[in-house]
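As a plain string of letters, each chain reads:
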Amino acid sequence: PVQLHYLGHAAFLLPFPNELTVLTDYGESRAYGLDSPVFDLGEVRPDIVTLSHDHADHAGGELPAGVSPLVTDGRSYEARGLTATAIPTFERSLDAPDNSSYLFEYEGLKLLHLGDCQALMLSVNEPAVRARIAELYPHSYDLVLLPIGFTRDILAEAAQFLTLLDARRVVTMHYWSPQDRDAFLAQLEGATDSRGRRYGVRSHPEAGL
């Protein structure tokens with residue numbers, strides 16, 4: 001099994017069975033003055049750090065000295081049977097990719113950290129955009145880490161975007177308050193995914209999930 005530790009906002013620790021620990025999007029706590037705390041790493045020294053892009057809330061956290069490699073700028077990485085593959089995605093505009101989702105694969109397991117894909121969400125009902133989403137994210141995923149916050153309310157669009165993915169499990173991220181998270185989960189009540197499976201919602205408030 002792969003464990004999942006949520007550090008806040010878009011930051012996760014993913015310890016894999018091959019004794020490699022991945023850290024994703026370790027951003028500045030409460031970046032831009034927003035209510036998005038990111039917790040300290042403590043004594044953990046990740047082996048691989050992926051950064052979807054260089055915005056403060058995704059790449060502003062202080063890493064332990066000597067931690068490498070950093071996987072950013074759309075690069076991919078492979079070690080000990082674990083691959084981290086960059087997928088170009090869109091936050092501000094659909095004109096050109098401006099950050100990366102990362103697909104982590106290990107022994108048939110697929111985990112997808114979506115980075116900032118809000119431009120896709122905002123146009124999710126356009127046929128051309130839905131086709132692009134299918135092209136970017138064609139796999140069946142064991143776990144998807146899904147952003148649900150932006151500079152405006154995108155909860156309904158994020159829920160619609162999710163229904164296009166084949167995702168066995170989903171964890172919300174990149175939001176400003178527990179109320180936003182709960183409102184997003186309410187959007188999924190009665191909804192089904194791309195394979196017609198009905199979502200079951202479980203909250204873990206003590207873990208911030």
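Preceding block: the structure.
One structure accompanies this document, and this report is about it. (Residues numbered from 1 in each chain as written. Predicted model: local features only at pLDDT ≥ 70, side-chain atom pairs only at ≥ 80, totals over all residues. Heavy atoms only, no water.)

1. Overview of the pattern of salt bridges
In total, this model carries nine salt bridges according to the counting rule given. Across the salt bridge formed by Arg92 and Glu91, the nearest N and O atoms sit 3.8 Å from each other. With a relative accessible area of 53%, Arg92 lands in the exposed category. The residue Lys110 makes a salt bridge to Glu105 at a minimum N-O spacing of 3.4 Å. Salt bridges sharing partners connect three or more residues here, namely Asp166, Asp193, Arg195 and Arg197. (Salt bridge = Lys/Arg side-chain N within 4 Å of Asp/Glu carboxyl O. Buried < 20%, exposed > 50% of the residue type's maximum accessible area, 1.4 Å probe, protein only.)

2. Some thoughts on the packing of aromatic side chains
The final tally for this structure, using the stated rule, is four aromatic pairs. Taking the centre distance of 6.4 Å and the plane angle of 25° together, the rings of Tyr102 and Phe104 count as stacked. By the burial criterion, Tyr102 is buried, and Phe104 matches it. (Phe/Tyr/Trp six-rings, centres within 6.5 Å; stacked < 30°, edge-to-face > 60°.)

3. Thoughts on unusual backbone geometry
Non-glycine residue His9 carries a positive phi angle of around 55°. Relative to the assigned elements, His9 resides in the loop between β1 (5–8) and β2 (11–15). In this structure, Asp73 takes a positive phi of about 55° despite not being glycine. Tracing the backbone through its elements, the reader meets Asp73 in the loop between β5 (70–71) and β6 (77–79). Using a relative accessible area of 71% as the deciding quantity, one classes Asp73 as exposed. (Helix = DSSP H or I, 4+ residues; strand = E, 2+ residues; numbered from the N terminus.)

4. Re the sheet that holds strand β7 (residues 82–89)
Here we have six strands laid out as an open sheet, ordered β6-β7-β8-β9-β11-β13, and mixed in their pairing. With partners counted over all chains shown, the strands left at the sheet margins are β6 and β13 (170–173), one partner each. Adjacent strand axes in the sheet meet at a mean angle of 15° when their direction is disregarded. Two elements, strand β9 (residues 109–113) and strand β11 (residues 143–147), share three bridges in a ladder whose sense is parallel. Following the sheet pairing, His113 is matched in β11 by Leu145. (Pairing = 2+ DSSP bridges. Axes fitted to C-alpha atoms, helices over the stretch in contact; angles between N-to-C directions.)

5. Overview of the nonpolar core
Within the largest apolar cluster, 54 residues are counted, with the highest numbers of intra-cluster contacts made by Phe104, Leu114, Leu120, Tyr137, Leu146, Phe161 and Phe184. Considering each element in turn, this core owes the most residues, five residues, to helix α4 (residues 155–163). Membership of the second largest hydrophobic core comes to ten residues, among which are Leu7, Leu23, Val38 and Val49. (Core = buried A, V, L, I, M, F, W, Y, C linked by side-chain atoms within 4.5 Å.)

6. Some details on helix α3 (residues 127–136)
Every buried residue belonging to α3 is among Val129, Ile133 and Leu136, and all of these are buried. All buried residues of α3 fall inside an arc of 70° around its axis, so they share one side. Set apart from the buried face of α3 by more than 90 degrees, the exposed residues are Pro127, Ala128 and Glu135. On its buried face, α3 is in contact with β7, α2 (118–122), β10 (140–141) and α4. (Arc of directions from axis to C-beta. Contact = heavy atoms within 4.5 Å.)

7. Focus on the sheet that holds strand β4 (residues 48–50)
An order of β1-β2-β3-β4-β5 is seen for the five strands of this open sheet, with the pairing classed as mixed. If you trace the sheet from one side to the other, it starts and ends with β1 and β5, each paired once. Taken together, the three bridges between β1 and β2 define a ladder with antiparallel strand orientation. Within the sheet, the bridge partner assigned to His5 lies in β2 and is Leu13.

8. Some points on the pairing of β2
Within β2, four of the five residues are buried, which leaves it mostly tucked inside the rest of the structure. Counted between consecutive antiparallel strands, the loop separating β1 from β2 contains two residues, among which His9 sits at a positive phi close to 55°. As judged from the four bridges shared by β2 and strand β3 (residues 21–24), these two strands associate in the antiparallel manner. By the bridge assignment for β3, Leu14 is matched with Val22.

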